[in-house]
Every structure is written in structure tokens, then in C-alpha cells.
Amino acid sequence: LIGKPDVNDPPAIDERQKIFIDEMNISITTERENVNIHYTLDGSSPSSKSPSTSGEVLITKTSLVTAQNFRDGIPVSGIVQSLFTKVTPNKAVKIDEAKKGLRYQYFEGSWDQLPDFEKLEDSGSGVVSNMDISKRSQDNHFGFVFEGLILIQEQGVYTFYTDSDDGSQLYIGGDLVVDNDGLHSMTEVSGSVALSTGYHPIRVTYFEKNGGNQLNVYLESVKIPKRIISDNFLFHKK
């Protein structure tokens, strides 16, 4: 029947965040009725003797979570599996003095993917309060690099999103966290990184070939609902 789960459907493991620092509650749920979810944390196949859950499982180390539905001790679904990795947060950088805003470089050119902007000569530069592409001189065939620092006020795992037309990438501390490159209409891609309290280098690159042009950059954590990165988070070295 429409709306009913397939009898072979395994439980669902919430994979929205797959890294953690100290511990993490993993949500494992099912739409099936009259079943028990059994799970393991070492990648082995669950059995009726494996621990069971009705919602969340606490993990404190890197774990390959595997789950399956059982009824009367007999498996009645496929198996689902997901890896959750315990990580050490990136260390903050020491900054003597920081000023509000990000430095930007503006480029003109026609590309099908993000170029190596470091090899190109910019057509303008300065400081903006946020990832603002209004400093362009034309509506097509242009690109931007935004670079500076993001202030993290509490250690944790942070998820970044870029929603762009065309391509964009977001780096934290030199690591590519969000890869949203290529020719496309408005498309949102996310990535997560563990950050300690303090300033962290941030770099966002963006290009537009033809058509619509827009760039939105979001931040989310356990304590911060998903939202556009506030100007109050963004700085650059004096």
C-alpha cells in the first residue's frame, strides 16, 4: 500500500553529522511496526542477542554502526550500516588583532569550474562584511575569493553549507569542507568540521558563468540552528 514501508526496509540511521569530538547520540529508527531494532558498533551483523534500541545509541569512540529489524528473534529486514568517526578539533590560530569583515578579490573570466584564482590577476579587491558578490562589475563571467577568519565561540562540530549558482567551495584552515563546484543552478552542499574555540582561517571561492548568480553560506551546530553566517563571526587580520 502507498505510504507503507517495504517489508525489506532496514532501520534508518541519522547520518546528518558523521563526526564527533567526545560522544554522540546516534538516532536509529524504523517505520515498521512490531519489530525490535538490534545493532552492533563494530561492523558485525546484528543478531537477536545484540543490544536493541528504540531511538538513540550513545557512542564514545569511532564506530561502524550496523542495525537490522527483528521480529520474534528473526531478522525481518535488510541491514543498514554507517561509520561515525571520533575526531580531534582543529586548533585555533593565534591572532594579535582582528578587524571585522573578510578580504575579497574579484575576477572576470569564463569558466566551467572554479579556476586556480591564485594564478589569475584580480579586477578588484577590498574588504566586505560578508560573502557579498555585489562588488561585481557584470552579471556573468566573474568570480570571487573571500578570505579571512571565522570566530568560533564554543568548541564543537560545525556544519557549513554553500548554496550557489554556479560553483563554490569552502575551506576551513586550508581543508576543503564544502565542495559545490561546477556549472549548476542553485544547489546546496554541506560538510562538517570539528573546531576549537577561537579564530580559524576561512576561504570561500565562487564563480558564475551564465544565468542566475547567487551565493549563500550557512553555519549550523548543535547549539546554533542553520542560518546565514553572521557578520559578527567574520574577521580578517589587521
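Here the structure is shown first, and the text comes after it.
Our subject in this report is the structure included herewith. Each chain has its residues counted from 1, running along the sequence as written. Selection of residues for local features in this predicted model requires a pLDDT of at least 70, selection of side-chain atom pairs for listing and counting requires 80 or more, and totals for whole chains, interfaces and linings are taken over all residues. The basis for the side-chain values is all heavy atoms of the structure; hydrogens and waters are excluded.

## Overview of the overall build of the chain
Comment: elements are numbered from the N terminus, with helices defined as DSSP H or I runs of at least four residues and strands as E runs of at least two. Regarding its fold elements, the chain presents zero helices and 20 strands. Computed over C-alpha atoms, the radius of gyration of the chain comes to 22 Å, more than 25% over the 18 Å expected from 2.2 N^0.38 for 238 residues, which places it beyond the range of a compact globule. Counting every position in the chain, which comprises 238 residues, the buried fraction comes to 44%. Two residues qualify as a contact provided that any one of their heavy atoms is within 4.5 Å of a heavy atom in the partner residue. Expressed as a percentage of contacts within the chain between residues at least 6 apart in sequence, the contacts between residues at least 24 apart total 69%. Using a 1.4 Å probe, the Shrake-Rupley method yields the accessible areas, and only the shown protein chains count as cover for residues. Summed over its atoms, the accessible surface of the chain is roughly 12,800 Å², and 44% of this surface lies on carbon and sulfur atoms. In the chain, the 23 positive side-chain charges and the 33 negative ones have mean positions that sit 6 Å from each other. Using C-alpha atoms as the atom set, the radius of gyration is obtained and then compared with a globule rule of 2.2 Å times the number of residues to the power 0.38. Categorising residues by exposure relies on relative accessible area from a 1.4 Å probe, with only protein chains included: less than 20% of the type maximum marks a residue as buried, more than 50% marks it as exposed, and the intermediate range marks it as partly exposed. The charge count treats Lys and Arg as positive and Asp and Glu as negative. His and the chain ends do not count. Where a charge lies is defined by one atom per residue type, namely NZ (Lys), CZ (Arg), CG (Asp) and CD (Glu).

## Description of unusual backbone geometry
A cis amide bond, omega 5°, links Asp-165 with the succeeding residue Asp-166. Of note in the backbone geometry, His-141 takes a positive phi value of approximately 60° without being a glycine. Mapping His-141 onto the fold places it in the loop between strand 11 (124-128) and strand 12 (142-152).

## Section: the sheet that holds strand 2 (residues 19-20)
In this analysis, strands are considered paired if DSSP registers two or more bridges between them. Reading across the sheet, the five strands line up as 2-8-7-4-5 and stay open at both edges, with mixed pairing between neighbours. Unpaired on one side and paired on the other, strand 2 and strand 5 (52-53) mark the two borders of the sheet. Sheet topology places strand 7 (residues 63-71) next to strand 8 (residues 74-86); eight bridges connect them, and they run antiparallel. Note that in strand 8 the partner of Phe-70 across the bridge is Pro-75.

## A short note on the pattern of salt bridges
Each salt bridge in this description consists of a side-chain nitrogen of Lys or Arg and a carboxyl oxygen of Asp or Glu lying within 4 Å of one another. Scanning the model with the defined rule gives nine salt bridges in all. With a closest N to O distance of 2.5 Å, Lys-209 and Asp-112 form a salt bridge. Placement of Lys-209 in the loop between strand 17 (198-208) and strand 18 (214-220) and of Asp-112 in the loop between strand 10 (102-108) and strand 11 is noted, with a sequence separation of 97 residues between them. Assessed through its relative accessible area of 47%, Asp-112 is described here as partly exposed.

## Let's talk about the packing of aromatic side chains
Put simply, two rings from Phe, Tyr or Trp (the six-membered ring, in Trp's case) pair if the centres are within 6.5 Å, and we call them stacked under 30 degrees between planes, edge-to-face over 60, tilted for the rest. Using the criterion set out here, one finds nine aromatic pairs in the structure. For the ring pair Tyr-106 and Phe-142, a centre distance of 6.3 Å and an interplane angle of 40° mean the geometry is tilted. With Tyr-106 in strand 10 and Phe-142 in strand 12, the pair connects residues that are 36 residues apart, well separated along the chain. Each member of the pair Tyr-106 and Phe-142 is classed as buried. Taken together, a centroid distance of 5.5 Å and an interplanar angle of 85° make the contact between Tyr-199 and Phe-235 edge-to-face. Pair noted here: Tyr-199 is in strand 17 and Phe-235 is in strand 20 (residues 234-237), with a separation of 36 residues, a long-range link.

## Here's the deal with the nonpolar core
Ranked by size, the top nonpolar core spans 29 residues in total, and within it Met-131, Phe-146, Ile-150, Phe-160, Leu-170, Ile-172 and Ile-229 carry the most contacts. Those elements that provide at least two residues to this core are strand 10, strand 12, strand 13 (156-165), strand 14 (168-172), strand 15 (175-180), strand 16 (187-195), strand 17 and strand 18. In terms of residues, this core owes the most to one element, strand 12, which gives five residues. One finds Ile-13, Ile-26, Tyr-39 and Val-65 within the second-largest nonpolar core, a separate group that totals 13 residues. Only buried residues count toward a nonpolar core. Its members are Ala, Val, Leu, Ile, Met, Phe, Trp, Tyr and Cys residues joined through side-chain atoms within 4.5 Å.

## What to know about the environment of Thr-85
As for its placement among the helices and strands, Thr-85 is situated in strand 8. A residue is classified by how much of its surface remains accessible, and Thr-85, at 28% relative accessible area, is partly exposed. As a C-alpha pair, Thr-85 and Lys-18 span 67 residues in sequence and 6.4 Å in three-dimensional space. Setting aside residues up to four positions removed in sequence, Thr-85 forms contacts with Lys-18, Ile-19, Phe-20 and Thr-62.

## Considerations on the pairing of strand 7
Across the nine residues of strand 7, seven count as buried, placing the element largely inside the fold. Sheet analysis places strand 4 (residues 36-40) next to strand 7, joined by five bridges and oriented antiparallel. Bridging across to strand 7, His-38 finds its partner in Gln-68. Where strand 7 hands over to strand 8, the hairpin turn is made up of two residues, of which Asp-72 adopts a positive phi near 55°.

Structural measurements only, silent on function.
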